[in-house]
Amino acid sequence: MSTTSSTQPPSGVVTFLFTDVQGSTKLWEQHPNEMTSALADHDEILRSSIAEADGIVFSTAGDAFAAAFETPDAAIQAAALAQRGLDGHAWPGTAPIRVRMGVHTGTSHQRDNDYFGPTLNRAARLMSAAHGGQTVVSTTTQEMLPGAPLVDMGVHRLKDLSRPERVWQLLVDGLTAEFPPLRTLNAVPTNLPTDLASFVGREADISHLMTDLAKNRLVVMTGVGGVGKTRLSLQVAADASHHYTDGLWLVELAPVPIADAVHYKFLETLGLEAEAGRSPLQTLAASIGDKSVLLVIDNCEHVLTTVADAVRELMTACPNLKVLASSRRALGVSGEQVRQIQPLGTTGVDSPSTRLFLDRAEAAGQSALHDRLDVITHICERLDGVPLAIELAAARTRSMTPEDVASRLDERFRLLRGSRSGGGSERHQTLVSTIEWSYQLLEDDQKLLFKRLGVFAGSFTLAAAETICADDRIDAFDVIDLLDDLVDHSLVIADTTGTTTRYRMLETIREYARQTLGDEIVDLRDRHAGFHADWVDAIFLRLVTIDEAAAVAELEAGWSDLRMAAAHATGDLDLLARILALLAYDAVFRSRLELADWASVGLSLATDDTPDETRAVLLALVAALSGLAGDAPQAIAAATELCELCEATGCHIIPQVAGPTVAGVVMTGDLPLCTRLQDLAERAVSASSPPWAIAMCATFRSVVATYSGDAETARDASARAVAAAPPDMSPSLRSVVGWMDAVNSDQPQAVRVEKMEAVVAQASLVRSSFLHAMYNSILASLRSEIGQLSQSLTESADSIEGILNTRQLGLAPANARRAAVLLMKAGVSGSAATLLGWVDSNDHPTPATADMAADMDVLVPQMHADLGDNALQAATSAGALLTAEQAMTLSVTELRSAAAVLQDP
C-alpha cells in the first residue's frame, strides 16, 4: 500500500478509480529498456491528474493505481484528465501506453489509511472489463452524475460473479469512443452462476491457479470440505473466461448419486442429448471438437474413477479442451497439476479470514463490527480459517454478538448451521454435513483410524499414531498407508517441512472425529498419556545434551498433546510426577509457568496413599515456577513443605528437579531455605550420577553461596562445576555453569565481561527467555564497571522488557535493583530512589551479589546527598506504591532515556 498525499482519505460513501496498463507484460518483453522511463511518465500523469481532482492514491501495485475521491464528479474529472494526458504523451520508444479504468461508488471500509471491502472489488472488476484507453462506470456512480458524458453499454455479468451490472462508458472529448466488446462473461457461452456472495481474499491462490491453467490442460484443486474450492474454481474460471471463447461450463457433480449418471450430467450441462450409436462421452467430444472450452468440474470425490476416465477420454479427443476440477482427492490422471487449497490466513485483524467474516456479517445485516476485531479474529482462528465455518459463524451475527458466537464454539456443530431456506448444496448448510460427506467416502479401516486420531490435540508423528491408534483391529504396519489415505482425502494434513513428518487435523475435523469415538476414547487417552510420558523421557535425554535446540523444537511441536496427557494423568499422579520431573529444567529455562498449575492440580488430588516421591516432585514444580512468576509466598510455602517432607521421610529431590527448584526459590531471597534445598539435592547426587547432574548440583551450590556472600564456597563450587561439565552438555546448562564462573572469577573486570558475553552467546543457541533476561542484566552490570555505561543502560532495558513480555516477575526485584544502580551511576537519582523504594517494599528480601552490594554501599549515600531528605522520602514512597509491572516499565523508560544522553568512550 502506498499513500501519496497528506490529504485526509475520504470516508463514508467514496468513489474509487482503479487503473491498469493494458498489455504491460508484452510491452516489457518488447521494450525492456524503454519501459522504465515510460512507466515513470505514466505514473506522473496519473498522480498529477488524481491530485488535480483532489483525489488520493491509496494503493499501487506494479502499474496499477487505486484512488479515492469525495465525489463521483472528481473521479470522472481525474479519469478524463489522465486519459487525455496519456493519449497526448510522446512515449519514449514504446508503443503508446494505454490504460483501462473503472469507477464505482459505495460505502468504504477503512483501516490505517487503507480501504477494503466489496466496493473496491466491484471497482476492480469494472476496470478489468475495459480496454486500454477506455473508462467504464457503474450505474451507482452514473446515477449520481446527471448530465455527465456517459453512454449506456448494456447489462453485463462482471467477473466477480455477483449481480449483473449496467455499465456506462465515459466519453472524453477528442478521444475515441470505439472499443471492442467489454471483457465480461456476456461474451462467452457459460452457465456460471450469478447469485453468489462477494469474493474475499485468495489473491495468491487465484494467481497460482491462473498460471497453472495457462501451462496445463488439467488442474485439480484439492482440500478439506468447506475450504472454498468451489467458489475459488468459479472465480478463477470467470477471471480466465476471455481465453475460452467457445464456452465455459460448470459441471456440478455433488447431486449426482451414482457413477453411471456422471456422463449424462456432462451432456445435460452443455445442453446436449444422448445420440443413438454413440456413448455420452463420444457425443460430448464431437460437440466440443477443437473448440476452446473450459470445463469446471466440481465435487469429484464420490465418483472419482468415473470422472478421471471421462476427463482422460475427453482431453484425448478434444485438443483445446481444458479442465479445472475440484475434489477432496486428486483424479490420478497423467499430467494433472494438483493444487492443494489451504484455509484462509487467520493472523491479525486484517487477515483474509477476518475480512470474510466482516463481509458475510454485513450481508447478514451487521455492519458495525469493526470495533470487535479481536473477538472476530479469535473466532476465525478457532475455526482454522475454513471459509464455510466462518460464513456460518458470521451469519449467526443476525441474532448473536461475536462474543456469544465465540463462547459457543465448543458446540460448533450445533451452532454452525445455515439457513434452511438459504442457497447452496444441502451438505454446505451445516458444518457437520460437509465433514460427514468426506467421512462416508472412507473405507471401514480408514474410518476407524480417522476416529482414533481425534485423541490428539495438536500435530503428531507417525510413531505416535502407530503406538496409540494400532491394536488388533488396526495393525501398526498399516497405519502409514491409512494415514496416506486420510491425507489424500484431505482429512489429515501432512507437514513435511521438518526432518520428521508431522500430521494434524483442523480443529473442526478433529472435534468431529472425537465425537464419533464413544467409550473408546477412555482407553485411547490412557495410551496417549503413557506414550507422551515415554516420549518426554526420550526428549529429556536430549535436552541435557548438545542436541537441546532440536529437542526443544520437538517438544514445542507436541506441546498441545503433552498438555492433554498431563491433564489426563491427574488420574495417575505417579505418571503426572514423572512427566513434570522430566520437564522441570525446560519449564524454568523456557518459562513454562503453566506447569505450576499442572502440579497444583496434582497436589489437590493427592491422598495419604500418594507416594512421598510423587508429592515431592509436585511441590518442587510449584516452588520453582511460583518463584519464577514472582509469587514468593507460594514459592516459599511449597519449598518449605518440600524440605520438611524430604527431611522427615528421607526421599530425595532428584537431580533433574533440584536445580530448577533452587533457581526459582533463590528469587524469593530466602537464602537459608535455598541452602536446605541444596543440601537435600546433594544427597541424590553421587559419583555415579550423570556428569551434567554433578555439574549442575555444584553450580547451584555456587549460586546459593554467591548470594549468601560466601565467596570461597562459591568459587570452589563453581570450579567443581566447570571440571565436571561434560563436553556435550546442553547450551542452557553450560551457560549456567559459565554464569557462575564469570560472576565468581577473580580475574580483571574486562575478562569477566568477556566470560559473560560467552555465556550470553551460549544461551542464544537455544530459546530461553529466562536465561536471556537474567544473563543480559548481569552483563549490563558488569559492563558498567569498565566504562560502557551507555551500552549497559540499553542492555539492561532490553533485559527488563523481556521480563515484562514473558511475565517472569520473579526476576523483577533483582532487575529493578540493578536498574537503580545503573541509574545512580548515570546521575538519575530520583528514579533510582523510586525503584529502590519498590524493591524495599517487597515482603521478601531480594538477593544481591557481592559486586552489587559493594556498588550500593558507594552509590546510595551519594543518592541521598543528591536528593535530600524530602525528595528522597517522596521518591521511595512513590516506589512503594508501584506494582511489579509498573516498576519494570519505569525501569525501561528511565534506562533508555539515560542511555540516549550518554555516549560510551
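Let me sum up the structure you'll find in this document.

Procedures and definitions
Residues numbered from 1 in each chain as written. Predicted model: local features only at pLDDT ≥ 70, side-chain atom pairs only at ≥ 80, totals over all residues. Heavy atoms only, no water. Helix = DSSP H or I, 4+ residues; strand = E, 2+ residues; numbered from the N terminus. Polar contact = N/O pair within 3.5 Å; in protein donor to acceptor, adjacent residues only side chain to side chain. Contact = heavy atoms within 4.5 Å. Pairing = 2+ DSSP bridges. Axes fitted to C-alpha atoms, helices over the stretch in contact; angles between N-to-C directions. Buried < 20%, exposed > 50% of the residue type's maximum accessible area, 1.4 Å probe, protein only. Core = buried A, V, L, I, M, F, W, Y, C linked by side-chain atoms within 4.5 Å. Expected span 1.5 Å × (residues − 1).

### Comments concerning the side chain of R452
Next, step 1: With respect to the helices, strands and loops of the structure, R452 is situated in helix α17 (residues 444–452).
Next, step 2: A polar side-chain atom of R452 sits 2.8 Å from the main-chain carbonyl oxygen of C469.
Next, step 3: Apart from the residues within four sequence positions on either side, R452 is in contact with C469, D471, R473, I474, L517, E520 and L524.

### Details of the sheet that holds strand β4 (residues 99–107)
Next, step 1: What the 7 strands build is an open sheet, ordered β2-β3-β1-β4-β7-β9-β8; its pairing is mixed. Edge positions in the sheet fall to β2 (56–61) and β8 (150–156), since each of these pairs with one other strand and no more. Mean inter-strand twist for the sheet, computed between neighbouring axes without regard to direction, equals 25 degrees.
Next, step 2: Sheet topology note: the β2/strand β3 (residues 64–69) ladder contains 5 bridges and is antiparallel. By the bridge assignment, I56 is partnered in β3 with A68.
Next, step 3: Sitting on the sheet, helix α2 (residues 35–52) touches β1 (13–21), β2, β3 and β4, and the angle it makes with β3 is about 5 degrees.
Next, step 4: Running at roughly 155 degrees to β4, helix α4 (residues 118–129) makes contact with β1, β2, β4, β7 (135–138) and β9 (165–170) of the sheet.

### Some words on the pairing of strand β10 (residues 218–222)
For a regular strand, side chains alternate in direction, first toward one face of the sheet and then toward the other.
Next, step 1: β10 sits mainly inside the fold: 5 of its 5 residues count as buried.
Next, step 2: Because side chains alternate across β10, one face comprises the buried residues L218, V220 and T222, and the other comprises V219 and M221, equally buried.
Next, step 3: In terms of strand pairing, β10 meets strand β13 (residues 321–326) through 4 bridges, oriented parallel. Among the inter-strand pairings, L218 is bridged to a residue of β13, identified as V323.
Next, step 4: Relative to strand β14 (residues 337–340), β10 runs parallel, the two being bridged by 4 bridges. If you follow V219 over to β14, its bridge partner there is Q337.

### Digging into the nonpolar core
One recurring pattern in soluble globular proteins: nonpolar side chains tend to sit buried together.
Next, step 1: By size, the foremost hydrophobic cluster in this structure holds 221 residues, and its most contacted members are F357, F450, L453, W739 and Y775.
Next, step 2: If you tally residues by element for this core, the top one is helix α24 (residues 573–589), at 14 residues.
Next, step 3: Every residue in contact with F450, bar those within four places of it in the chain, is listed here: Y439, L442, L486, L491, M505, I509, Y512 and A513.
Next, step 4: Core analysis: the next-biggest nonpolar cluster, separate from the first, contains 33 residues, L17, L86, I97 and M101 among them.

### A short note on helix α33 (residues 749–763)
Next, step 1: Its 15 residues give α33 an end-to-end C-alpha distance of 21 Å, which sits within 8% of 21 Å, the value for a rise of 1.5 Å per residue.
Next, step 2: Where α33 is buried, its residues meet α32 (731–743), α34 (769–784) and α38 (850–880).

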